[in-house]
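# Architecture at a glance
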Amino acid sequence: MKRIIVGLCALILLSTVAAFAADVSGVWKAAVPGRGGETREVTFTFKVDGEKLTGTMSGGQGGDVELQDGKVAGDAVTFKVKREFNGNSVVMLYEGKVEASEIKFKSTREGSDRPPREFTAKR
């Protein structure tokens, strides 16, 4: 019985630590690579409610943009950003992995076969 109680306490402690590790609420900054090798400063402002992720991305062309379909599951973060350029919609998909005070991101353009852009956002 004592082993079961110790095991349950350890499981609860690990679950609590995992929940805190995935809290990405707040402001994150990243140097995002561009096409020509240049980088641009981008700010992500995240708000988490359960597994739902909302917020904005700023610093790119066209000003602030709302995140769409945002989710946080464990240490994984995913969302989309839709922008309009010259009458065309461009949707970027973002996938990130939370590691301490960093999120390692890969972003791809929806429908494109180009390799993903990789960058790290920090608090």
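Throughout what follows, the structure given in this document is the object of discussion. Computed from a predicted structure; not experimentally measured.

Reading the values: the criteria
Residues numbered from 1 in each chain as written. Predicted model: local features only at pLDDT ≥ 70, side-chain atom pairs only at ≥ 80, totals over all residues. Heavy atoms only, no water. Helix = DSSP H or I, 4+ residues; strand = E, 2+ residues; numbered from the N terminus. Buried < 20%, exposed > 50% of the residue type's maximum accessible area, 1.4 Å probe, protein only. Contact = heavy atoms within 4.5 Å. Areas by Shrake-Rupley, 256 points an atom, 1.4 Å probe, with all protein chains shown as cover. Salt bridge = Lys/Arg side-chain N within 4 Å of Asp/Glu carboxyl O. Core = buried A, V, L, I, M, F, W, Y, C linked by side-chain atoms within 4.5 Å. Phe/Tyr/Trp six-rings, centres within 6.5 Å; stacked < 30°, edge-to-face > 60°. Pairing = 2+ DSSP bridges.

For the rest of this paragraph, the subject is the overall build of the protein chain. The number of helices and strands found in the protein chain is one helix and nine strands. Helices and strands appear in the protein chain in the N-to-C order α-β-β-β-β-β-β-β-β-β. With 123 residues in all, the protein chain has 27% of them scored as buried. Summarising the internal contacts of the protein chain: among those between residues at least 6 apart in sequence, 25% fall at separations of at least 24. Accessible surface for the protein chain amounts to roughly 8200 Å². Of this, 54% is attributable to carbon and sulfur atoms.

Another point: the pattern of salt bridges. Per the counting criterion, the structure on display carries five salt bridges. Among the ionic pairs, Glu 102 bridges to Lys 104, the shortest N-O distance being 3.8 Å. Judged by its relative accessible area of 37%, Lys 104 falls in the partly exposed class. Beyond isolated ion pairs, a larger network of salt bridges with shared partners links Asp 69, Lys 80 and Glu 110.

A few words on the nonpolar core. Counting residues in hydrophobic clusters, the biggest one holds 23 residues, and the most contacted among them are Val 24, Phe 44, Phe 46, Phe 79, Tyr 94 and Phe 105. At the level of secondary structure, the elements contributing two or more residues to this core comprise β1 (26-33), β2 (39-49), β3 (52-58), β6 (76-85), β7 (88-99), β8 (102-109) and β9 (117-122). Of the residues forming this core, the biggest block, four residues, is contributed by β7. Contact partners of Val 24, with chain neighbours within four places excluded, come to Phe 46, Val 48, Leu 53, Val 72, Val 77, Val 98, Ile 103 and Arg 123.

A few words on the packing of aromatic side chains. Applying the stated criterion to the full structure yields eleven aromatic pairs. Judged by centre distance (5.9 Å) and plane angle (80°), the rings of Phe 79 and Phe 105 are edge-to-face. With a gap of 26 residues between them, Phe 79 in strand β6 and Phe 105 in strand β8 connect regions that are remote in the sequence. Comparing Phe 79 with Phe 105 shows no difference in burial state: the two are buried.

As paired strands, β1 and β2 are joined by eight bridges and run antiparallel to one another. Directly across from Lys 29, in β2, lies its bridge partner Thr 43. Following β1, the chain reverses through five residues before pairing antiparallel with β2; Gly 37 in that reversal takes a positive phi of roughly 90°. Two strands pair when backbone bridges link them, and β1 and β9 are joined in this way by two bridges, in the antiparallel orientation. Within β9, the residue paired with Lys 29 across the bridge is Lys 122.

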